[in-house]
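# Close look at the chain arrangement
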Amino acid sequence: EADAALRPLQDVSMGSLTMYVVPETSSLLPQGTSVYVGKHRSALVRAGGSLPALHARLRQVTQVMSFTATSIAAALSDRVPDGRLSPDARRSLKSSLGYEITFSLLNPDPKSHAVDWDIEGAVNRYVKPVLDKLSLVANFSVDSQILYYAILGVTPRYDKESSSFLLSAHSLPHVINPVEARLGSSAASLYPVLNFLLYVPERSHSPLYIQDKDGAPVSTNAFHSPRWGGIMVYNVEAPASPQASLPLHVDVDMARVMEVFLAQLRLLFGLSREELPPEFLLESPGNEGLADWELDHLLWAHTVENIATVSTTLTSLAQLLDKIGNIVIKDDVASEVYRAVASVQSAVAELAMGHLHSAFQASKEAVTSSERAFFDPSLLHLLYFPDDQKFAIYIPLFLPMAVPILLSLAKIVRETRQRKKEPTKMD
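Residues numbered from 1 in each chain as written. Predicted model: local features only at pLDDT ≥ 70, side-chain atom pairs only at ≥ 80, totals over all residues. Heavy atoms only, no water.

## Some remarks on a nonpolar patch on the surface
Residues Phe391, Ile395, Leu399, Val403 and Leu407 make up a contiguous nonpolar surface patch of about 510 Å² in total accessible area. Looking at the secondary structure, you find Leu399 in helix α11 (residues 387-421). (Patch = residues over 30% accessible without salt bridge, like charges linked within 9 Å, V, L, I, M, F, W, Y side chains within 5 Å. Areas by Shrake-Rupley, 256 points an atom, 1.4 Å probe, with all protein chains shown as cover. Salt bridge = Lys/Arg side-chain N within 4 Å of Asp/Glu carboxyl O. Helix = DSSP H or I, 4+ residues; strand = E, 2+ residues; numbered from the N terminus.)

## Examining the UniProt feature "transmembrane region" (unreviewed entry) in the protein chain
Using the residue numbers shown here, the UniProt feature "transmembrane region" (unreviewed entry) corresponds to residues 391-413. The distance from the first to the last C-alpha atom of residues 391-413 is 28 Å, and the span holds 100% helix and 0% strand. (UniProt positions renumbered as here; feature names shortened; annotations may be inferred.)

## Brief notes about unusual backbone geometry
The step from Ser206 to Pro207 runs through a cis peptide bond, and the omega angle for that step is -10°. Within the secondary structure, Pro207 is located in the loop between β9 (193-199) and β10 (208-210). Positive phi, close to 60°, is recorded for Tyr149, a residue that is not glycine. Tracing the chain through its elements places Tyr149 in the loop between β6 (139-148) and β7 (157-159). In the Ramachandran plot, Asn221 falls in the positive-phi region, its phi being about 55° despite a non-glycine side chain.

## A look at the environment of Asp253
Looking at where Asp253 falls in the secondary structure, it is placed in the loop between β13 (248-251) and α6 (254-268). Along the backbone, Asp253 and Ala122 are 131 residues apart, and their C-alpha atoms lie at a distance of 9.8 Å.

## Description of the sheet that holds strand β14 (residues 280-282)
On the basis of which strands lie adjacent, the open sheet formed by four strands has the order β1-β3-β2-β14 and mixed pairing. The open sheet has two edge strands, β1 (18-22) and β14, and neither has a second partner. Neighbour-to-neighbour, the strand axes of the sheet open up by a mean angle of 15°, direction not taken into account. Judged from the five bridges that link them, β1 and strand β3 (residues 42-46) form a sheet pairing that is parallel. Among the inter-strand pairings, Met19 is bridged to a residue of β3, identified as Ala43. (Pairing = 2+ DSSP bridges. Axes fitted to C-alpha atoms, helices over the stretch in contact; angles between N-to-C directions.)

## Some points on the sheet that holds strand β11 (residues 222-225)
Within a sheet, adjacent strands bond to each other through the backbone by hydrogen bonds, running parallel or antiparallel. Judged by pairing direction, the sheet is mixed, and its five strands sit side by side in the order β6-β4-β9-β12-β11 without closing on themselves. The open sheet terminates on both sides in strands that have one partner only, identified here as β6 and β11. On average, each strand axis in the sheet is inclined to that of its neighbour by 15°, with strand direction left out of account. Taken together, the seven bridges between strand β4 (residues 98-107) and β9 define a ladder with parallel strand orientation. Note that in β9 the partner of Phe103 across the bridge is Phe196. Packed onto the sheet, helix α4 (residues 119-134) meets β4 and β6 and runs at close to 155° relative to β6. Strand contacts of α6: β4, β9, β11 and β12 (229-233), with the helix running at about 150° to β9, the strand carrying the most contacts. (Contact = heavy atoms within 4.5 Å.)

## Details of helix α5 (residues 173-183)
Along an α-helix, residues three or four positions apart point the same way, because every turn accommodates 3.6 residues. Among the residues of α5, Val175, Ile176, Val179 and Leu183 are the ones counted as buried. Taken end-on, α5 shows its buried residues confined to a sector of 90°, consistent with a single buried face. When the buried face of α5 is taken as reference, the exposed residues oriented beyond 90 degrees from it are His174, Asn177 and Ala181. Contacts from the buried residues of α5 go to β4, β6, β9, β11 and β12. Count one or two residues on from α5 and you reach Gly184, which has phi positive near 70°. (Buried < 20%, exposed > 50% of the residue type's maximum accessible area, 1.4 Å probe, protein only. Arc of directions from axis to C-beta.)

This is the structure in structure tokens:
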């Protein structure tokens, strides 16, 4: 209630952060809680015993809610040498102008299970509020499909004690490739595709459970793959009577499924919450899926990554053009390069002043202009057709024609020299 009541007093601009310090004896915060982080852009901090302790606590809150040096390194993870970062830093998706989300229902045994899922209603109820908030970051498109007779490609191990089938952690990487061949979603996609798969095990392999590295069952019975998506195994209860008619009708609990998929979506965008001290209390973002300060964090990361991408693209273009001396650069290509440079400079300036939204928009424009210049059709045939290939193509064509011409020229030169050497007859 305090978070909602104090919101009209805050600076609601993106990238801002408001912290309210309450007395140590205040009953506003629960007992044992020193910091409350709301779902907007504010935090309540209980005053410590001394000013240095309060200062340290405020810095700790800023580290949680703001963009730090570690965040910059994670945003530029593809450009940092291996060994400098933790494996988790490379798990989040790369910045893109758009993403495609595909929900797939895998039914390998349609003769035994007739699975019904209300994916359209679940997307409108659970996914759309999250994507509406993420629309500032990129454009999203959502589709769904049902694949029959699609198996995981890994034979699970039967466990006699639990009378169930198990998928161990080391076998999970081998699950994705056979399934991905059936998806077909990334074949004609211009943007990265996020795959969320709901797998209903066949009757001969039910129930099926996923184990972690320690051999314990995973509570969600799901796993995610960095920069790819996630897979959830949905077990169907066996019929009470062995003589039950097949196929067995199954209604999927979409609330339980979407809770897992949205958590995996947060992981793919690098929004996983780190372990916090016990005196920290974080407000749940609710149906929106992410807090306002988490959205700011995402915009910061994508802005920095876009600026680095434009720098790399323009540098590569300049190096390629320097190698080709006879290239002609059209005015529209040059204008795109100038526009990309100006947009990057604007993004850096806006970011320095704290104008996060305008900086992100400028970085997106810079990415678009730099890619238009790099992939312009007038440059492609020269970039991929160097001089050595020209010689390799034209010499076999002109050499047979040039040999008789050169021999004829040599013959003419010899005859001319002989005529000059012969004495001139005098009458």
